[in-house]
Amino acid sequence: MKLAIISSLIFCFLTLEAAELYMGPYLESQSEDSMSVKWESETPGAFSLKWGQQSLEQSAEVSVKKSPIGTYLYFAKMEKLDSNQIYQYVIFKDDKAVSEVHKFRARVSFKDKNVFRFLAISDTQENPAIHKRLVEEGVIANLEQNYPGPFYENLDFAVVAGDLVGNGNEYQQFKELYFDPAKKLQASIPYYPAIGNHDRDYKNYLFYFTSPDNGFGKVRKHGYTYKYLNARFLSINTDQGFLKPGQLVWINRVMRLICSEKDVDFVFAYYHHPFHSEMWTNGNTPYTKLVLNIIQRHLNKCRKAGAALNGHTHAYSRGQETDSPFYYVNVASAGGRLDYWGAEKQKDYEEFQKSFDEFGYSLIEVTTGPTPSFKIQRFSMGDDYVENTNELQAAFYYRTSNQAPHAPQLSLMKDKNGCYLDAGEFIDLDGDLYQSIQWQISNGTQPLVVANGVIYPNDWPNVYERVFNYENIYNGDTSRPGWSVHDDYDSMKGVIYNQLRWPKSLTKDSYTVRARYRDRGLVWSEWAQINIDRRTLAVCF
């Protein structure tokens, strides 16, 4: 009854007083027992924040600072929160409510739940109507249709992989492009952004956002790290002018920390610029590969897994690293003009298996406990021609309890077209589907190397090496007969996954062939190997 009375009083004031808020409120700086909230007003005043669980019995101290355009940014912290509990808050000015009743869930702990979810988006830099639809008809509707309870009970936070606005030097763009379209979500879910090139000189970015102060050097707030249950997150600045050795040293230090954290199973790094982009190769950033090399080297050493989330290219792509249990995901676009097939310089990269020129977002679910795992789902919101709503475009996972598939059974076969290698049937005892096969061919007869019961190929230089995934959705070859910008062309469709036509250039020597299978949980089998002499090959050509 008390809550109903409070809500009625608040809504009576909304039509008269809503103009007092220029922007917000929005949540950030979540800790184990606190949550911060900020809002902006065009005029100064006696603002207060009242909050609580069943009633607004608590008040938070409010601070203020003046913006570059003369508005006022207010902020307050709600403290001593009980984990996994629902709280509500209302903003008042001169004892009159100037906001709705907003609700959020306090941060969960290991004892509360064994699962958490976060949203990953990027490039909200233009098209606020698309950004708003993605948030309200996409994320919020999706959560409330598929999970019990309101959306804020089933989403813990959001990460943004850069380019929040089109021009970060224009202060008003943060309100128009980033905050206003997502206000229903940001009032109940804390956001953790990374910096993109369109966010410019960062003065306005840093005015709005209070990031963890644990980055590197004089730009400590341009990149940061934080932990949530069994995952650690790295927000990294990959913009020109900040591609510094010092940041690589900081990442190396954070990764050493992660390897020592026994309660951390997964790493999620997010940043703006990809090292490879199928849809827009001009966006390729070599520095990012240095970042990923450090992350993957440590993950292999301490046997942990994770994913890299980026934007910059206004399209969706997903793939995986060959030698690490590590996914690559371009989580764009949440508003930025799409990089359509055939419109930009494009390339089919082996480590990527799927790319789409559509708006959308990713939901990532992480589980804790004795068999931790994570699942990444991509939902499409369509493009400028066809409007989709929450179409599931991709779903993939990693789990620590995954058994390796059986090694291939290699043989050299002959048909009317020559010879081909056959790897035998893909067999996985815990039911995982086929993901990839990796082929290597070397000159001469080479032994396998066995260390700690694991079979590795030696370092003999390969004259042929390829990785084939079960799918390769890439539509950048505009010379293909029947090409259309709207195709989801899969070059692996109809291809026999376990066969490799013998390369016609390899006829003058004896060779060693190695192959291994990978399942969709990113676990490789042991290597299988056969030796093929020159006399055997003579019958193939």
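Data block above holds the structure.
Read on for an overview of the structure. What you see is a predicted model, and the numbers here were worked out from it, not measured in a lab. (Residues numbered from 1 in each chain as written. Predicted model: local features only at pLDDT ≥ 70, side-chain atom pairs only at ≥ 80, totals over all residues. Heavy atoms only, no water.)

1. Considering helix α2 (residues 128–146)
Quick note on the threshold: Labels follow the DSSP assignment, with helices taken as runs of H or I lasting at least four residues and strands as runs of E lasting at least two, numbered in each case from the N terminus. One fewer than the residue count of a helix, multiplied by 1.5 Å, yields its expected span. Bend, in this description, refers to the angle at a residue between axes fitted to the seven residues ending there and the seven starting there. When accessible area is computed with a 1.4 Å probe and restricted to protein chains, residues below 20% of their type maximum are described as buried, those above 50% as exposed, and intermediate ones as partly exposed. In what follows, a contact means two residues having at least one pair of non-hydrogen atoms within 4.5 Å.
Helix length check: α2, at 19 residues, gives a terminal C-alpha distance of 26 Å against a target of 27 Å (1.5 Å per residue), a fit within 8%. Maximum bend of α2: about 25°, positioned at leucine 134. Within α2 the residues assigned to the buried category are His131, Arg133, Leu134, Val135, Glu136, Gly138, Val139, Ile140, Asn142 and Leu143. On its buried side, α2 packs onto β10 (115–121), α3 (172–179), α4 (183–186), β20 (359–367) and β21 (373–382).

2. Considerations on the packing of aromatic side chains
By convention here, two paired aromatic rings are described through the distance between centres and the angle between planes. Our working definition: When two rings of Phe, Tyr or Trp (its six-membered ring) have centres within 6.5 Å they constitute a pair, described as stacked for plane angles under 30 degrees, edge-to-face for angles over 60, and tilted for the intermediate range. Consider the ring centre and the ring normal. A charge sits over the ring if Lys NZ or Arg CZ is within 6 Å of that centre and within 35 degrees of that normal.
In the structure shown here, the tally under the stated rule is 53 aromatic pairs. On the numbers, 6.0 Å between centres and 40° between planes, the contact of tyrosine 328 with phenylalanine 352 is tilted. One end of the pair, tyrosine 328, is in strand β18 (residues 326–331); the other, phenylalanine 352, is in strand β19 (residues 352–356), and 24 residues separate them in sequence. Per residue, the accessibility class of tyrosine 328 equals that of phenylalanine 352, and both read buried. Note that lysine 175 overlies the ring of tyrosine 22, its terminal NZ or CZ placed 4.8 Å from the centroid. Note that arginine 480 overlies the ring of tyrosine 489, its terminal NZ or CZ placed 3.8 Å from the centroid.

3. Details of the layout of surface pockets
In plain terms, the rule: Only protein atoms enter the 1 Å grid, on which a cavity is a set of points fitting a 1.4 Å probe that cannot get out and a pocket is an open set with protein on both sides within 12 Å along at least 5 of 7 lines, lining residues being those with an atom within 4 Å of a point. Grid points are joined across faces, edges and corners, and a volume is the space filled by probe spheres set on the points. Lys, Arg, Asp and Glu make up the charged group, whereas Ala, Val, Leu, Ile, Met, Phe, Trp, Tyr, Cys and Pro make up the nonpolar group; the residues left over, Gly among them, are polar.
Considered as a void within the structure, the second largest pocket measures approximately 470 Å³ in volume. If you trace the second largest pocket, you find 21 residues lining it, with Gly24, Pro25, Glu100, His102 and Lys183 closest to the centre. Elements supplying a minimum of two residues to the lining of the second largest pocket: β1 (23–28), β9 (102–105) and α4. At three residues, the largest contribution of residues to the lining of the second largest pocket is made by β1. Here the lining of the second largest pocket is composed, by residue class, of 11 nonpolar, four polar and six charged.

4. Points about the packing of helix α6 (residues 245–260) against helix α7 (residues 286–302)
Just so we agree on the cut-off: Note on geometry: axes are lines fitted to C-alpha atoms, helical ones only across the stretch in contact, with angles between N-to-C directions running from 0 to 180 degrees. Orientation labels follow simple angle bins: below 35 degrees gives roughly parallel, above 145 gives roughly antiparallel, 65 to 115 gives roughly perpendicular, and whatever is left gives oblique. Crossings are classed by handedness, with left-handed meaning an anticlockwise turn of the near helix from the far one by less than a right angle and right-handed meaning a clockwise turn.
Running from amino to carboxyl end, α6 crosses α7 at an angle of 20°, the nearest separation of the two axes being 10 Å. On the basis of the axis angle, α6 is roughly parallel to α7. For the pair α6 and α7, the crossing hand works out as right-handed. Across the interface between the two elements, Gln247, Leu248, Ile251, Asn252, Met255, Arg256 and Cys259 from α6 touch Tyr287, Leu290, Val291, Ile294, Ile295, Arg297, His298, Leu299 and Cys302 from α7. A class-by-class count of the residues in the contact of α6 with α7 yields 11 nonpolar, three polar and two charged.

5. Considering the side chain of glutamate 358
What counts, and what does not: Charge convention: Lys and Arg are scored as positive, Asp and Glu as negative, and His as well as the terminal groups of each chain are ignored. Salt bridges are counted wherever a side-chain nitrogen of Lys or Arg sits within 4 Å of a carboxyl oxygen of Asp or Glu. N or O atoms within 3.5 Å of each other form a polar contact, as long as, within protein, one can give a hydrogen and the other can take it, and as long as residues adjacent in sequence are counted only when both atoms are side-chain atoms.
Summarising the element assignment, glutamate 358 is placed in the loop between β19 and β20. Buried charge glutamate 358 goes without a salt bridge, the closest partner of opposite sign being arginine 378 at 6.2 Å. Within the structure, glutamate 358 has its side chain in polar contact with the side chain of glutamine 393 (distance 2.8 Å). The residues contacting glutamate 358, other than those within four sequence positions of it, are Ala315, Ala332, Ser333, Leu338, Arg378, Ser380, Gly382, Asn388 and Gln393.

6. A closer look at the environment of serine 362
Mapped onto the elements of the fold, serine 362 is located in strand β20. For serine 362, a relative accessible area of 0% translates into the label buried. Linking serine 362 and valine 139, residues 223 residues apart in sequence, is a C-alpha distance of 9.1 Å. When sequence neighbours within four positions are dropped, the list of residues in contact with serine 362 reads Phe118, Leu119, Ala120, Val329, Val331, Gln377 and Arg378.

7. Looking at a positive patch on the surface
Where we set the bar: A residue counts toward a patch only above 30% relative accessible area and without a salt bridge, and it is joined to like-charged neighbours within 9 Å or, for Val, Leu, Ile, Met, Phe, Trp and Tyr, to nonpolar neighbours within 5 Å. Here the accessible surface of atoms and residues is derived via Shrake-Rupley with a 1.4 Å probe, and residues count as covered only by protein chains that are part of the display. One atom stands in for each charge, and that atom is NZ of Lys, CZ of Arg, CG of Asp or CD of Glu.
Taken together, the side chains of Arg253, Arg256, Arg297 and Lys301 present a region of like positive charge at the surface. Those elements that place two or more of their residues in the positive patch are α6 and α7. With respect to the element layout, arginine 297 can be found in helix α7. Overall, the relative accessible area of 48% leaves arginine 297 in the partly exposed class.

8. Details of the sheet that holds strand β6 (residues 72–79)
For the record, the criterion: Strands qualify as paired when DSSP identifies two bridges or more between them.
Strand order in the open sheet formed by four strands is β1-β2-β6-β5, with antiparallel pairing between adjacent strands. In the strand order of this sheet, the two ends are held by β1 and β5 (62–66), each with one partner. When the angles between neighbouring strand axes are averaged without regard to direction, this sheet yields 20°. Where β5 meets β6, five bridges bridge the pair, whose relative direction is antiparallel. The partner of valine 64 across the bridge, within β6, is tyrosine 74.

In short, shape yes, function no, at least from these values alone.
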